[in-house]
Amino acid sequence: MDVLRLPVVGALLHWRHVRRAFQLVLLAVAAGVVLHGLLGPQIGPRNLATVLTSIHWRGLLVLGVLAAGNLFCASCPMVLVRDAGRRLVPPRFSFPHQLRRKWIAAGLLVLVLFSYELFAVWERPAATASIVLGYFLLALVVDLLFKGASFCKHVCPIGQFNFVASTIAPAELKIRDSGTCHECRTYDCIKGRKSDVHPLQVVQRGCELGLFLPGKVGNLDCTLCLDCVHACPHDNIGLVTRVPGLELLDLRRRSGIGRLAERPDLAVLAVVFTFAALLNAFVMTAPAVAFERGLAALTHLQSEAVALGLLFVIGLGVAPALMLLAAAGFTAAAAGGATRSLGATAVQYAPALVPFGLGVWLAHYGFHLFTGILTVVPVTQSAVIDWLGRAALGEPVWRWAGTPPGLVYPLQLGFVLLGACGSMGLVQAITARDYPGTRQLASVPWLAVIVMLGAAALWILGQPMEMRGLGGTG
């Protein structure tokens, strides 16, 4: 199905200003988050900055990917601010070739997750507002210096998270007819459409991330901005439904990316995405606190940063390396010899972990969203009362903020098991593609990895978890 051909939704998405409309809405929300975070009550459960980011934004982000695709990047308000800034300061430089990989973004993603836990950002409204402002400033600085969507493609940790997650999305932007593209001589989808009156003036920009639509495969690096759709003079680009995750099996060279098997940075990003889902949920539980205290006692270090840092090193470095290299070794043995290096085999199978990782993120962030979805109502009411300067009406009291945690747990189990099944299917498909003579023996260690990760996820989700943004546990 081509979503852009649907009667109402298609007409809306073809509207040139649809992205700007969504960006303006999110910009207003971001402004509210910053203002209330800096000027409102510095109590997590009573401030829009902490409630909207820790409960609503994270949950809606992953659910949006599951339902349609990279909706947050499509509506990102930072691009709106950047475009306004570029009217005054046009960028002059191209992003350095040596840095055009995902290493910076993967490192920043780990840093963001680490800082979020270390500084307990979910209960510090002013810190949350400052981070939002800092993020806008960083995006503005990078994109005022470098041409194209350099921040989105090479730096933004949230964007890389969305790119990996959107490989499991049910739709992608894709050309409708390859013959039409073959005959096209303008390449407006990537160069942008020029004015008929002023040939040097671009009236509709093309893909700023360098994805040439005839060579585009899947959703990696695609922000779903629809610029290519509006720029194409032949209306030859559709938002087409597809089998989620199937792009992770595609060996073709991708425009702007290359081949997945030749991109260890993307493999590392997939591994960080998956193992960070487990670690991010684990650090919210009582066993994690006990682990950090035991680690501090064992090492005689009382610094929380050191203990948490060691936990991150183990969870995102040591454990993934040991598990993946061991699985790669068993695969090489099952294949009758080392046809690839252990690292190359790990890169080959790493994308198969993504469905499981998304399942855990959905289970974790969905828990906070579903159990606290209505908290925004009394918090917004309180913020409006404060801003209008009316007399204080007392502390807001609400008995029901969302779905009880016990009712959400089966949904969490479903997300994890569905993700595990998707990863197992990809492992079997990769093995059948690359090791056809092994009778699937080469897939056994990778299936074992997924089973172990799944068991760890179910155990973590069964522990008491902090109700961040609500001021309690559940």
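Coordinates for the structure precede this section.
Residues numbered from 1 in each chain as written. Predicted model: local features only at pLDDT ≥ 70, side-chain atom pairs only at ≥ 80, totals over all residues. Heavy atoms only, no water.

Q: Looking at this structure, I do not really get the pattern of salt bridges. What am I missing?
A: A side chain with one charge can pair with a side chain of the opposite charge if their charged atoms come near. All chains considered together, the criterion is met by 21 salt bridges. Here arginine 242 makes a salt bridge to glutamate 247, at a shortest N to O gap of 2.7 Å. Salt bridges sharing partners connect three or more residues here, namely Arg82, Asp83, Arg86, Asp143, Arg205, Glu208 and Asp227. (Salt bridge = Lys/Arg side-chain N within 4 Å of Asp/Glu carboxyl O.)

Q: So what exactly am I meant to see when it comes to unusual backbone geometry here?
A: For residues besides glycine, phi is generally negative; the peptide bonds are generally trans as well. Not every positive phi belongs to a glycine, and alanine 120 is a case in point at roughly 50 degrees. The topology assignment puts alanine 120 in the loop between helix H6 (103-118) and helix H7 (125-145). We note that aspartate 235 has phi near 50 degrees; this positive angle belongs to a residue other than glycine. If you trace the backbone, aspartate 235 turns up in the loop between helix H12 (227-231) and strand S4 (237-241). (Helix = DSSP H or I, 4+ residues; strand = E, 2+ residues; numbered from the N terminus.)

Q: Just to check I follow, could you spell out the nonpolar core for this structure?
A: Note on soluble globular proteins: their nonpolar side chains tend to be buried together. Among the nonpolar cores identified, the biggest contains 120 residues, and Leu173, Ile237, Leu239, Phe273, Phe356 and Trp361 are the most heavily contacted of them. The element best represented in this core is helix H13 (residues 264-282), accounting for 14 residues. If sequence neighbours within four positions are ignored, leucine 239 has contacts with Met1, Asp2, Val3, Leu4, Leu13, Ala171, Glu172, Leu173 and Leu224. (Core = buried A, V, L, I, M, F, W, Y, C linked by side-chain atoms within 4.5 Å. Buried < 20%, exposed > 50% of the residue type's maximum accessible area, 1.4 Å probe, protein only. Contact = heavy atoms within 4.5 Å.)

Q: How should I be thinking about the layout of surface pockets in this particular structure?
A: Sizing a probe to match a water molecule and rolling it over the atoms shows the empty space that remains. As a volume, the second largest pocket reaches approximately 750 Å³. As for the second largest pocket, its lining consists of 28 residues, and the residues nearest its centre are Arg20, Asp83, Arg87, Gln204 and Arg205. Listing elements by their share of the lining of the second largest pocket, those giving two or more residues are helix H2 (18-39), helix H5 (77-88), helix H11 (188-191), strand S3 (202-204) and H12. If you tally residues by element for the lining of the second largest pocket, the top one is H5, at 7 residues. Residues belonging to the lining of the second largest pocket are distributed by class as follows: 11 nonpolar, 6 polar and 11 charged. (1 Å grid on protein atoms, 1.4 Å probe; cavity = no way out; pocket = protein on both sides within 12 Å on 5 of 7 lines; lining within 4 Å. Points joined across faces, edges and corners; volume = space filled by probe spheres on them. Nonpolar A, V, L, I, M, F, W, Y, C, P; charged D, E, K, R; others polar.)

Q: Would you explain the pairing of strand S1 (residues 171-175) in this entry?
A: In regular strands, side chains alternate between the two faces of the sheet. Where burial is concerned, most of S1 is hidden: 4 out of the 5 residues are buried. The pairing of S1 with S4 spans 5 bridges and is antiparallel. When the sheet's bridge partners are listed, leucine 173 is paired in S4 with leucine 239. (Pairing = 2+ DSSP bridges.)

Q: Mind showing me how you'd approach H5 here?
A: In an α-helix, one full turn covers 3.6 residues, which means residues spaced three or four apart are oriented alike. Looking only at H5, the buried set comprises Pro77, Met78, Val79, Leu80, Arg82, Asp83, Gly85 and Arg86. Residues of H5 that are buried sit in contact with H2, H7 and helix H8 (150-155).

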